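# Remarks on the overall topology
If you want the building blocks of each chain, they are given just below.
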Amino acid sequence: MKTYATVVLAAGKGTRMRSTLSKLLHPLAGQPLLAHVLKSVAEIPSTTAFAPYREQISTQRPIVVLGHESEQILSAFGDRCQYAMQHEQLGTGHAVLAAQTVVDALDPLPETVLVCYGDTPLVRSEMLGRVLAEHLQQRATVTFLTADAEPTTDYGRVVRDGQGRVREIVEVKRATSEQLQIREVNSGVYCFERSWLWSTLQALPRNAAGEYYLTDLIAIACTQELTIATVKGSLDESLGVNNRVQLADAEQILRRRILERHMYAGVTIIDPATTYIDEEVQIGTDTVILPGTMLSGKTTIGSWCRIGPGTTIEQSTLGDRCIIKNSALEGALLEDDVRMGPFSHCRPGAHLARGVRMGNFGEVKNSYVGEDADVHHFSYLGDATVGARTNIAAGTITSNYDGVTKQKYRTTIGADAFIGCDTILVAPVTVGDKAMTGAGAVVTKDVSASTLVVGVPARFQRSLASAETVDGAEEAAREKSAEQKSVQPVITDSVPDEGQ
Ligand code: UD1
Ligand code: MG
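Worth saying up front: this structure is predicted, and the values here are computed from it rather than measured.

## Focus: the overall build of the protein chain
Looking only at helices and strands, the protein chain features 11 helices and 45 strands. Relative to the globule expectation of 23 Å for 500 residues, the C-alpha radius of gyration of the protein chain, 30 Å, shows a markedly less compact shape. Within the protein chain, the proportion of its 500 residues that are buried is 52%. Nonlocal contacts in the protein chain, meaning residues at least 24 apart in sequence, comprise 45% of its contacts between residues at least 6 apart. If you sum the accessible surface of the protein chain, you get close to 21,800 Å²; carbon and sulfur atoms cover 51% of it. Here the protein chain holds 47 positive side-chain charges and 59 negative ones, and the gap between their average locations is 2 Å.

As structure tokens, then:
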């Protein structure tokens, strides 16, 4: 079986970004620029364009050419790639030559070398597959991708003769005013016949700019009367990111692509202009995303949810039928039928079980809140476990941080408990099942099951009769649960004002 090698250039200084971060690590839709190129490269074998060659030609891990800020890139991508070093940045031709030793060590030796630039993150796998397929079909020495652009852009211009045959690529710096009017530009994706590539690069002289341009190989192939093939793609896919204006342009195009993917897959997005969804987010069908919503990182959202308006969800997992309004979640896990907001916050380690209701101005961190529990107004649950159907009334605070020992401690509250308004639970502390605390209680000692405590510090008041706890609480929970199940999440987004 024949093989092709992929070389991705990532050694440039990225001067025009004016950044201390490598250009190729600047995030685009939540992932580094380079990650987008590598994803497209990895998907080539499964593209339609490449299908006729799938049985005859295969590839290996891409070779990334590093130079500037190589440590940053190495630690971000690790052994996902192979690497070659370009110690001095003397141009794109010089960078490709830096990969020769690594390419030539591949077994079997590849016949074709596919070269991409790490700063063209919008190129799709299907397009890369087309360039490769065209190269193989034409048995070309070199094949490259072009696009039509406005004459104001900074892409290299593709110069053709009267018969439409490619003669050369001229960079803007060296182009005549006539050449600058050429609309066809170089997108920066090439296939080369390997042996010709190395011998030509080795013989390539420095150009007037003192660099070795990969693009200068086209004129050489033309002079040698070798086969040069081209594939024309859209300018969107060719967008090269050299500065932050182009980064924002790329972001806009990529975000629109992501939104369209979700909409075609059955997600309603009310206002695409104010909705930001990262590449890796997954959303179930019939979920509605309202304006001003940002979903980022590896976030998964179930079906029939209603998210937003004004909501940010990062690195979190939500089940089906959740309703989240004007709230922020990061590193949280919400099971089915959770309702949250407006204006609440789940921080890392927040786990809200099925049917939990969290109202306004609540914060949950590193805590488990059991099924059908209510955490309505102005409360903080940190390092806590709350049992099923428990009511956390307004103003409840778990005081989890001991300022003297600088340690965090846990609060455990049982099932069917009722924590009265303004209760402060000084951790470590445990409140038993069906226990109650009076308004304003400061609980410093464990509270037994079915017991009422009141005061500061909270003291035993009385044992609770079963009518006050089990039946009462369970009946209320049953009613609440029945009411909740009758609600259609897609048309109703308000959180009923229950509990205290
Ligand atoms: C390059 C092309 C131009 C094309 C455009 C498409 C050349 C000479 N010009 O211009 O025709 O229209 O891309 O986006 O190729 N790099 C290295 N080592 C170096 C120099 C660059 O690895 O010594 C890498 C950069 O990290 C970058 C890529 O090569 O990922 C392209 O370099 P860049 O400086 O961005 O070239 P452009 O000016 O965009
Ligand atoms: Mg560039």
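## So, the pairing of strand β45 (residues 459-463)
The pairing of strand β44 (residues 451-454) with β45 spans four bridges and is antiparallel. Paired with V454 across the bridge in β45 is R459. Counting the residues in the hairpin turn of β44 and β45 gives four residues, including G455, whose phi is positive at 95 degrees.

## A closer look at the packing of aromatic side chains
Ring pairs (aromatic) are described by centroid distance and by the angle formed between their planes. Within this structure, the stated rule accounts for seven aromatic pairs. Measuring from centroid to centroid gives 5.9 Å for Y4 and F50, while their planes differ by 70 degrees, and the two rings are edge-to-face. Taken together, the residues span a long stretch of sequence, with Y4 in strand β1 (residues 2-10) and F50 in the loop between α1 (33-42) and β4 (57-59) at a distance of 46 residues. The same class applies to Y4 as to F50, namely buried. Pairing F50 with Y53 gives two aromatic rings, centres 6.3 Å apart and planes at 40 degrees, and the pair type is tilted. For F50, a relative accessible area of 1% gives the class buried. Here Y53 falls in the buried class, since its relative accessible area comes to 14%.

## What to know about the pairing of β44
Two elements, strand β42 (residues 436-437) and β44, share two bridges in a ladder whose sense is parallel. Bridging from a neighbouring strand, M436 pairs with L452 of β44.

## Comments concerning the sheet that holds strand β27 (residues 351-352)
The strand order β15-β18-β21-β24-β27-β30-β33-β38-β41 describes an open sheet built from nine strands, whose pairing is parallel. Here the strands that pair on one side only, and so sit at the sheet edges, are β15 (282-283) and β41 (429-431). Sheet topology places strand β18 (residues 300-301) next to strand β21 (residues 317-318); two bridges connect them, and they run parallel. Paired with T300 across the two strands is T317, which belongs to β21.

## Thoughts on the coordination of the magnesium ion (ligand 2)
Taken together, the protein donors to the magnesium ion (ligand 2) comprise D119 (OD) and N242 (OD1), at separations of 2.1 to 2.2 Å. Separated by 123 residues along the polypeptide, D119 in the loop between β7 (112-117) and α5 (125-138) and N242 in the loop between α9 (235-238) and α10 (244-264) bring together distant segments of the chain. There is no split in this pair, since D119 and N242 are both buried.

## What about the site of ligand 1?
Q86, Y117, D119, E171 and N186 are the nearest of the 25 residues found near ligand 1. Note that an oxygen atom of ligand 1 is positioned 2.9 Å from one of the backbone N or O atoms of G91. If ligand 1 stood free it would expose 750 Å²; the protein chains cover 90% of that surface. Of all the elements in the fold, those that place two or more residues in the shell around ligand 1 are β1, α3 (92-97) and β11 (184-193). Looking at the shell around ligand 1, its residues break down into eight nonpolar, 13 polar and four charged.

## What to know about unusual backbone geometry
The residue after G341, namely P342, is reached through a cis peptide bond having omega 5 degrees. With omega at -15 degrees, the peptide bond leading from V456 into P457 counts as cis. Mapping P457 onto the fold places it in the loop between β44 and β45. In this structure, F378 takes a positive phi of about 50 degrees despite not being glycine. Along the polypeptide, F378 turns up in the loop between β31 (374-375) and β32 (380-382).

## What to know about the sheet that holds β31
Reading across from one edge, β13-β16-β19-β22-β25-β28-β31-β34-β39-β42-β44-β45 is the order of the 12 strands in this open sheet, with mixed pairing throughout. Looking at which strands have only one partner, the edges of the open sheet turn out to be β13 (268-269) and β45. Summarising the sheet, strand β39 (residues 418-419) and β42 pair through two bridges and their orientation is parallel. For I419, the partnering residue across the bridge sits in β42 and is T437.

## Describing the confidence of the model for the protein chain
Residues with a pLDDT of 70 or more make up 93% of the protein chain, whose mean pLDDT is 93. Note that pLDDT drops below 50 for residues 486-492; the model gives that stretch 12 contacts with residues more than four away or on any other chain.

## Some details on helix α7 (residues 194-203)
Inspection of α7 places R194, W196, L197, W198, T200 and L201 among the buried residues, and these make up the whole buried set. Where the residues of α7 are buried, they touch α3, α4 (100-104), β7, β11 and α8 (216-223).

## Some details on the pattern of salt bridges
Tallied over the entire structure, the rule returns 24 salt bridges. Across the pair D104 and R194 runs a salt bridge, and its minimum N-O distance is 3.1 Å. Placement of D104 in helix α4 and of R194 in helix α7 is noted, with a sequence separation of 90 residues between them. Overall, the relative accessible area of 15% leaves R194 in the buried class. A salt bridge links R183 to E150; its shortest N-O distance comes to 3.6 Å. Of this pair, R183 sits in the loop between α6 (177-180) and β11 while E150 sits in the loop between β8 (142-148) and β9 (157-160), and the two are 33 residues apart along the sequence. Residue E150 is classed as partly exposed on the basis of its relative accessible area, which comes to 46%. Look at the salt bridges and you will find they share partners, linking K39, E43, R261 and E279 into a network.

Basis of the calculations
- Residues numbered from 1 in each chain as written.
- Chains lettered and ligands numbered in written order.
- Predicted model: local features only at pLDDT ≥ 70, side-chain atom pairs only at ≥ 80, totals over all residues.
- Heavy atoms only, no water.
- Helix = DSSP H or I, 4+ residues; strand = E, 2+ residues; numbered from the N terminus.
- Rg over C-alpha atoms; globule rule 2.2 N^0.38 Å.
- Buried < 20%, exposed > 50% of the residue type's maximum accessible area, 1.4 Å probe, protein only.
- Contact = heavy atoms within 4.5 Å.
- Areas by Shrake-Rupley, 256 points an atom, 1.4 Å probe, with all protein chains shown as cover.
- Lys, Arg positive; Asp, Glu negative; His and termini not counted.
- Charge placed at Lys NZ, Arg CZ, Asp CG, Glu CD.
- Pairing = 2+ DSSP bridges.
- Phe/Tyr/Trp six-rings, centres within 6.5 Å; stacked < 30°, edge-to-face > 60°.
- Donors = N, O, S within 2.8 Å, 3.2 Å for Na, K, Ca; no water.
- Near = heavy atom within 4 Å.
- Polar contact = N/O pair within 3.5 Å; in protein donor to acceptor, adjacent residues only side chain to side chain.
- Nonpolar A, V, L, I, M, F, W, Y, C, P; charged D, E, K, R; others polar.
- pLDDT = per-residue confidence, 0-100.
- Salt bridge = Lys/Arg side-chain N within 4 Å of Asp/Glu carboxyl O.

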